[in-house]
Amino acid sequence: MKNIDPTKTFSWKYLKKHFQEIKKITINDLFIQDPNRFNNFSINFENKILFDYSKNIINQKTLSYLINLAKETKCFSSIYSMFYGKKINVTEKKSVLHTALRYNHNILFLKNKEIYNMIDNILKKIKNISNDIILGRWKGYTNKKIKNIINIGIGGSQLGPLMVTETLKEYKNKLNLFFLANIDPIQIINLINQINPEESVFIIASKTFNTQETITNALSIKKWFINHINGDLNKNIFSKHFIAVTNNIDAAIDFGINKKNILPLLSEIGGRFSLWSSIGLIISLSIGFNNFEKLLQGASEMDYHFFSTPLDKNIPIIMALISIWYSNFWNTETEAIIPYCDNMRFLPSYLQQLNMESNGKSIDRNGNKILYQTSPIIWGDVGTNGQHSFFQMLHQGTKIIPCDFIAAAIPYNNKYKDHHLKLISNYIAQTKALAFGNIKNIHKNNIYKFCFGNKPSNSIFLKKITPYNLGLLISFYEHKVFVQGIILNIFSFDQWGVELGKKITNFLVEDINSNIQEKINQYDCSSKGIINFYKNFN
Ligand code: F6P
């Protein structure tokens, strides 16, 4: 990877100048100037996804400067480096291999047979476990069929699988899925009230197998399980109910997991990129292995597009450039993700981790303090619900908030077709209202009703929500985030920032538990005050 400060490029300087010109032009003007704007600023990807970026404050000049920015920052050389397995996760001295988990084309890239053999073996294991449980061949220790699958994991070990299984709910079989992520005791209490251990399989999903929340939850579940079987825990019983997905095999064995129930997770797969790996076991359990494979294949097709398509037709690259355009030249701070699909309600939180954990950095790849914007704040909620809460601000507030509107042209099923038509009409109406406003049609005395428009959005329209198309969509966002990281000259695949909080938490647990006031007195006065308030009641 080349470490180029984007602000030192010619394109950045041209973009700064260009911004002064284009800021006087509205989206409405841009549509009048170019009657062919939709064709010029949209990409129909194999009739599977329509990506319309015409309702942005950009013209051909903007686009060509942005594309030059990608060229000047040697974007493609970094993309090749990832696919060919170069150690682009420099601060952890690792390659970045999530694309190798996806089928077909990847064979062309990475020339490491050992890795592919490992991936194949993991996939076989996912397939066998999924089939055994789904078909009722895997029985609990009292010979009951398994009804409940509980994923114990947090961050990337939860958000991807949760988002995918919810989005693909219509493909789901009869197994009940539960996600135990939070350390808040109320979550485990609610969970154990709903499940019979004899009919449950617990997947401890943790790359490191030392994440405090996950291990605390897993130990409590183990204790509860042992209690249920009156302490008679032998290996045979345990292996019918506990599986681990991890890169830390020894820790999983120490926990008591049978070796044959441990699914390895390559250390080169980052947590937020891990749903394609053994972390996806719960996905395969929920929708069946064939559908899980289709998810991988969809992602693989987008990988191929990303790897092989010229910059000006490359969906993830254009998305990334548009995002950089707003955050660094328009000084926008946030981006909203608004799926017009109720089952996609976890997409905003999934993308929050993907973007903000990857690119929430302030030191560049040369070790210098960054003086430009890196990750936008990602937030959002489903349409149409959001229209009745935060949309007021999108339309009439003082901030510009670029939005991604996501929907599917064909509904999950044909019942209530009129609902779907209304849903899609809302989806289109909002992008139109945001872009063009209403001032032409409102009398000037009605100033409070003015919507000035000029609020940008991308429309991402899937043909249908299928495992394959969801794979395309997720891979497209993954690559968008990667390209932003390349151009912004940051390391996107580490997350050192979250470590400090973890460390302080561990000290706090110890110090509060010790009940030694001198230890508490060493804290800053705010933290001390809060600790003392807590101690009053505990
Ligand atoms: O704390 C952040 C993080 O490291 C994420 O990147 C990761 O997805 C999550 O914690 C969970 O980590 P693990 O899978 O190792 O338990």
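Cut-offs applied
- Residues numbered from 1 in each chain as written.
- Predicted model: local features only at pLDDT ≥ 70, side-chain atom pairs only at ≥ 80, totals over all residues.
- Heavy atoms only, no water.
- Domains from an automatic or database assignment.
- Near = heavy atom within 4 Å.
- Polar contact = N/O pair within 3.5 Å; in protein donor to acceptor, adjacent residues only side chain to side chain.
- Areas by Shrake-Rupley, 256 points an atom, 1.4 Å probe, with all protein chains shown as cover.
- Helix = DSSP H or I, 4+ residues; strand = E, 2+ residues; numbered from the N terminus.
- Nonpolar A, V, L, I, M, F, W, Y, C, P; charged D, E, K, R; others polar.
- Expected span 1.5 Å × (residues − 1).
- Buried < 20%, exposed > 50% of the residue type's maximum accessible area, 1.4 Å probe, protein only.
- Contact = heavy atoms within 4.5 Å.
- Salt bridge = Lys/Arg side-chain N within 4 Å of Asp/Glu carboxyl O.
- Axes fitted to C-alpha atoms, helices over the stretch in contact; angles between N-to-C directions.
- Parallel < 35°, antiparallel > 145°, perpendicular 65-115°, else oblique.
- Left-handed = near helix turned anticlockwise from the far one by under 90°.
- Pairing = 2+ DSSP bridges.
- Right-handed = clockwise from strand over helix to strand, strands pointing away.
- Phe/Tyr/Trp six-rings, centres within 6.5 Å; stacked < 30°, edge-to-face > 60°.
- Lys NZ or Arg CZ within 6 Å of the ring centre and 35° of its normal.

1. Thoughts on the domain arrangement of the protein
- The domain boundaries assigned to the protein delineate domain 1 (6–73 + 309–440 + 449–494), domain 2 (111–290) and domain 3 (498–536).
- Look at where the C-alpha atoms of domain 1 and domain 3 centre, and you get two points 42 Å apart.

2. Points about the site of the ligand
- Close to the ligand lie 14 residues, the nearest being Gly156, Ser157, Ser206, Thr208 and Thr211.
- Within the contact set of the ligand, an oxygen atom lies 3.4 Å away from a side-chain nitrogen or oxygen of Gln353.
- Contact with the protein chains covers 89% of the free accessible surface of the ligand, which is 390 Å².
- Where the shell around the ligand is concerned, the elements lending two or more residues are α15 (347–359) and α19 (497–514).
- Residues of the shell around the ligand, tallied by class, amount to 2 nonpolar, 9 polar and 3 charged.

3. Looking at helix α1 (residues 10–22)
- Between its first and last C-alpha, α1 extends 18 Å over 13 residues, near the 18 Å set by a 1.5 Å rise per residue.
- Those residues of α1 not exposed but buried are Ser11, Trp12, Leu15, His18, Phe19 and Ile22.
- In this structure, the buried side of α1 is in contact with α4 (60–72) and α14 (315–329).

4. Structural notes on the pattern of salt bridges
- Counted under the stated rule, the structure contains 14 salt bridges.
- For the salt bridge of Asp5 with Lys8, the shortest nitrogen-to-oxygen distance reads 3.3 Å.
- Among the residues examined, Lys8 registers a relative accessible area of 61% and is labelled exposed.
- Between Lys480 and Glu335 there is a salt bridge, with the nearest N and O atoms lying 3.1 Å from each other. Of this pair, Lys480 sits in helix α18 (residues 467–487) while Glu335 sits in strand β8 (residues 334–339), and the two are 145 residues apart along the sequence. Each member of the pair, Lys480 as well as Glu335, carries the same accessibility label: buried.

5. A word on the packing of α15 against α18
- Their axes nearest at 10 Å, the elements α15 and α18 cross at an angle of 20 degrees. As summarised for this structure, α15 and α18 are arranged roughly parallel, according to the angle between their axes. Every pair of crossing elements has a handedness; the one defined by α15 and α18 is right-handed. Only Ile474, Tyr477, Glu478, Val481, Gln484 and Gly485 of α18 make contact with α15, whose side of the interface consists of Tyr350, Leu351, Leu354, Asn355, Ser358 and Asn359.
- Tallied by class, residues from the contact of α15 with α18 come to 6 nonpolar, 5 polar and 1 charged.

6. Brief notes about α4
- End to end, α4 covers 18 Å across 13 residues, agreeing with the expected 18 Å (1.5 Å per residue, within 8%).
- Looking at α4, one finds that the buried residues are Thr62, Leu63, Tyr65, Leu66, Ile67, Leu69 and Ala70.
- Buried positions along α4 lie against α1, α5 (75–83), α14 and α18.
- Regarding α4, its N-cap is Asn59, as a side-chain oxygen of that residue lies 3.1 Å from the backbone nitrogen of Lys61 further along.
- Trailing α4 by a residue or two, Lys74 shows a phi angle of about 55 degrees, which is positive.

7. A closer look at the pairing of β8
- In terms of burial, β8 is a largely internal element, 6 of the 6 residues being buried.
- Here β8 shows no split at all, with Thr334, Ala336 and Ile338 on one side and Glu335, Ile337 and Pro339 on the other all buried.
- Across 4 bridges, the pairing between β8 and strand β9 (residues 377–380) is parallel. In the strand pairing of β9, Ile337 is matched with Gly380.
- For the segment spanning β8, α15 and β9, crossover handedness is right-handed.
- With 4 bridges joining them, β8 and strand β10 (residues 403–410) adopt parallel strand pairing. In the sheet register, Pro339 faces β10, and the bridge partner there is Ile406.

8. Points about the side chain of Thr332
- Structurally, Thr332 can be placed in the loop between α14 and β8.
- A distance of 3.4 Å separates the side chain of Thr332 from the backbone nitrogen of Ser327, its partner in a polar contact.

9. Description of unusual backbone geometry
- A cis amide bond links Gly383 with the next residue in sequence, Thr384, at an omega value of 10 degrees.
- With respect to the helices and strands, the residue Thr384 is situated in the loop between β9 and α16 (391–396).
- Even without being a glycine, Lys93 presents a positive backbone phi close to 55 degrees.
- Mapping Lys93 onto the fold places it in the loop between α5 and α6 (113–134).
- Assessed through its relative accessible area of 65%, Lys93 is described here as exposed.
- Located in the positive-phi region is Tyr416, a residue other than glycine, with phi close to 55 degrees.

10. Digging into the packing of aromatic side chains
- In the structure shown here, the tally under the stated rule is 37 aromatic pairs.
- Relative to Phe242, the ring of Phe238 lies with its centre 4.3 Å away and its plane at 15 degrees, an arrangement referred to as stacked.
- Grouping aromatic residues by their ring pairs yields a cluster made of Tyr141, Phe202, Phe209, Trp224, Phe225, Phe238, Phe242 and Phe255.
- Over the face of the ring belonging to Phe41 we find Arg37, whose NZ or CZ atom lies 4.3 Å from the ring centre.

11. Looking at the sheet that holds strand β7 (residues 262–264)
- If you walk across this open sheet you meet the 5 strands as β4-β3-β5-β6-β7, and the pairing is parallel. One side of each edge strand has no neighbouring strand; the edge strands of this open sheet are β4 (176–180) and β7. Sheet twist, expressed as the mean angle between neighbouring strand axes with direction ignored, is 20 degrees.
- Examined bridge by bridge, strand β3 (residues 148–152) and β4 share 5 bridges and lie parallel to one another. From the neighbouring strand, Asn148 faces β4, where its bridge partner is Asn176.
- With respect to the sheet, helix α8 (residues 185–192) is in contact with β3 and β4, its orientation differing from that of β4 by roughly 160 degrees.
- Here helix α9 (residues 212–228) sits on the sheet and contacts β3, β4, β5 (200–205) and β6 (242–246); the angle it forms with β5, its principal contact strand, is near 155 degrees.

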